[in-house]
Amino acid sequence: MAVDTSREAARAADAADPLADQRALFAIDESGPIYLDGNSLGRPPRATAGALADLVAEWTRDLIGGWGRWIDLPRVVGDEIGELVGAAPGEVAISDATTVNLYKLAVAACDANAGRSVIVGDAEDFPTVRYVLEGIAAARGAELRLLKSDPAEGLSVEEIVAALDDEVALVCVSGVNYRSGAVLDVAGVAAACRQVGTLLLLDCSHMAGAVPLDLDGAGVDLATGCSYKYLNGGPGAPAWLYVRAELQARLRQPVWGWWGQRDQFTMGPGYDPVEDIDRFLTGSAAVLGLTAVRAGIAPLRAVGMTALAEKGRALVALLAACSEERLSPLGARLASPSDPLRRGGHLAIAHPRARDAVSLLAARGLVVGDFRTPDVIRLAPVAIYTRHVDVVDAVGHVADVLAELGSTRS
Ligand SMILES: *Cc1c(COP(=O)(O)O)cnc(C)c1O
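All values reported here derive from a predicted model rather than from experimental measurement.

Engineer: Can you walk me through the overall build of the protein chain in this structure?
Structural biologist: Helix and strand counts for the protein chain come out as 13 helices and 13 strands. For 410 residues, the compact-globule estimate of 2.2 N^0.38 gives 22 Å, and the C-alpha radius of gyration of the protein chain, at 22 Å, lies within 12% of that figure. Considered along the principal axes of its C-alpha atoms, the protein chain spans approximately 65 × 55 × 35 Å. Restricting to contacts in the protein chain with at least 6 residues of sequence separation, those with at least 24 account for 73%. Entry remark: accessible area of the protein chain is about 16600 Å², with carbon and sulfur atoms responsible for 56%. Distance between charge centroids for the protein chain: 3 Å, based on 37 positive and 52 negative side chains.

Engineer: Honestly, the site of the ligand in this entry has me stumped. Any pointers?
Structural biologist: Close contacts around the ligand come from Ala-97, Thr-98, Thr-99, Phe-126, Thr-128, Ser-174, Asp-203, Ser-205, His-206, Cys-226, Tyr-228 and Lys-229, and that covers them all. Between Asp-203 and the ligand, the recorded distance is 2.6 Å, taken from a side-chain N or O atom to a nitrogen atom. His-206 places a side-chain nitrogen or oxygen 3.3 Å from an oxygen atom of the ligand. In isolation the ligand has 390 Å² of accessible area, and contact with the protein removes 87% of it.

Engineer: Help me understand the packing of aromatic side chains in this model?
Structural biologist: The geometry of an aromatic ring pair is captured by the separation of the ring centres together with the interplanar angle, meaning the angle of the planes. Considering all chains together, one arrives at 7 aromatic pairs under this definition. An aromatic cluster of three or more residues is present, and its members are Trp-67, Trp-70, Trp-258, Trp-259 and Phe-265. Here the guanidinium or amino end of Arg-252 rests over the ring plane of Trp-256, the centre of that ring lying 5.0 Å away.

Engineer: Where do I start with a negative patch on the surface in this structure?
Structural biologist: A contiguous patch of negative charge on the surface is contributed by Asp-4, Glu-8, Glu-324 and Glu-325. Note on placement: Glu-8 falls in helix α1 (residues 7–15).

Engineer: I would appreciate a short explanation of the pattern of salt bridges in the present structure.
Structural biologist: Side chains bearing opposite charge may pair, as long as their charged atoms lie close to each other. In total, this model carries 26 salt bridges according to the counting rule given. When the shortest N-O distance is used, the salt bridge between Arg-61 and Asp-62 registers 2.9 Å. On the basis of relative accessible area, Arg-61 is assigned to the exposed category, the value being 58%. In this structure, Arg-364 engages Glu-404 in a salt bridge whose closest nitrogen and oxygen atoms are separated by 2.7 Å. Of this pair, Arg-364 sits in the loop between α12 (354–363) and β11 (367–368) while Glu-404 sits in helix α13 (residues 388–405); the two residues are 40 residues apart in sequence, bridging distant segments of the chain. Salt bridges here are not isolated pairs; linked through shared partners, they connect Arg-23, Glu-30, Arg-387 and Asp-390.

Cut-offs and rules
- Residues numbered from 1 in each chain as written.
- Predicted model: local features only at pLDDT ≥ 70, side-chain atom pairs only at ≥ 80, totals over all residues.
- Heavy atoms only, no water.
- Helix = DSSP H or I, 4+ residues; strand = E, 2+ residues; numbered from the N terminus.
- Rg over C-alpha atoms; globule rule 2.2 N^0.38 Å.
- Contact = heavy atoms within 4.5 Å.
- Areas by Shrake-Rupley, 256 points an atom, 1.4 Å probe, with all protein chains shown as cover.
- Lys, Arg positive; Asp, Glu negative; His and termini not counted.
- Charge placed at Lys NZ, Arg CZ, Asp CG, Glu CD.
- Near = heavy atom within 4 Å.
- Polar contact = N/O pair within 3.5 Å; in protein donor to acceptor, adjacent residues only side chain to side chain.
- Phe/Tyr/Trp six-rings, centres within 6.5 Å; stacked < 30°, edge-to-face > 60°.
- Lys NZ or Arg CZ within 6 Å of the ring centre and 35° of its normal.
- Patch = residues over 30% accessible without salt bridge, like charges linked within 9 Å, V, L, I, M, F, W, Y side chains within 5 Å.
- Salt bridge = Lys/Arg side-chain N within 4 Å of Asp/Glu carboxyl O.
- Buried < 20%, exposed > 50% of the residue type's maximum accessible area, 1.4 Å probe, protein only.

Written out as structure tokens, the structure is:
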């Protein structure tokens, strides 16, 4: 069905939007630019400032005694994120940065499959994923197979299957590609990995909070993702990690810290990790960050992933239709999957003047999107706080700026 790209239709869609009132839960300067970069840094919920002030008050009052409560936060908030990503209680914890979790989980997987010496990744993946795998492969003398795929369409199950054999210890890929927004067939890849006895580590940084995800149901072994994109946890918020329940006692991560230790406060002589998800913790919980993550995901948990994903799909479809209509005649082309069902929470629009367009849109206070090399404007209409009319207006601004810049590369 053709999408109506008129401003009137967008206004009507906003009036009928069951999530419309969620926007008021976020701190938004309505005179500011249209923000379509929540996939890089989500907006702050209004409640975050109060939650952080309360935490500082607790700290002031209770001092060291506060740890009696704070100590459980990595698992408590982990379970709350678990609701959004299809994990059972006890399978998710908050710890470290995504990069560090990728390292911990990838090494744990390689150690568990020690007889195998190949790691499979995606040549189009977010740099930190490739760098971490490159470092692990170098340290272990393992072979890193980085698969080439179409930058817009993303990796297919077939492309991954073609790279699998009984030498592969680990497949580490992203659920949604950071540039194109291409959604991986997670269940298909997990099944293929299982068939050859390899472990799957999924980076969900651009997936969690944006598209439906069922880590348990899909049969994913390990996952991690950041909390500051669609989860609104704030700059540098601690990341989450997932370890399938039956793997927890069997895997051992390489950073042997006291937060994974059995009877942590007996301060024993040697490392003897617990057998549950705490085994994947390292050092002291980032309590300030955890408090902000909890406030960041509260609105998402309240409305549920199904409603969020449904609105997200509608906004991305509207963005694609508006782009096709207004930006294609100006030399832009969609650099996201051709199949709408394989699109995540953001779209990539390729244009020779992408870099200048993104700068100009921000400098004029019109639209905040971002530029990704070589020629991509990335726009994310995040469901919880973006209106249909924002999408229509933003594409209008992009069109004006592209018309002004022309289509010759500067
Ligand atoms: C944003 C992002 C990260 C971020 O890693 P940090 O360690 O939190 O900086 C990692 N992986 C992917 C795929 C991302 O998109």
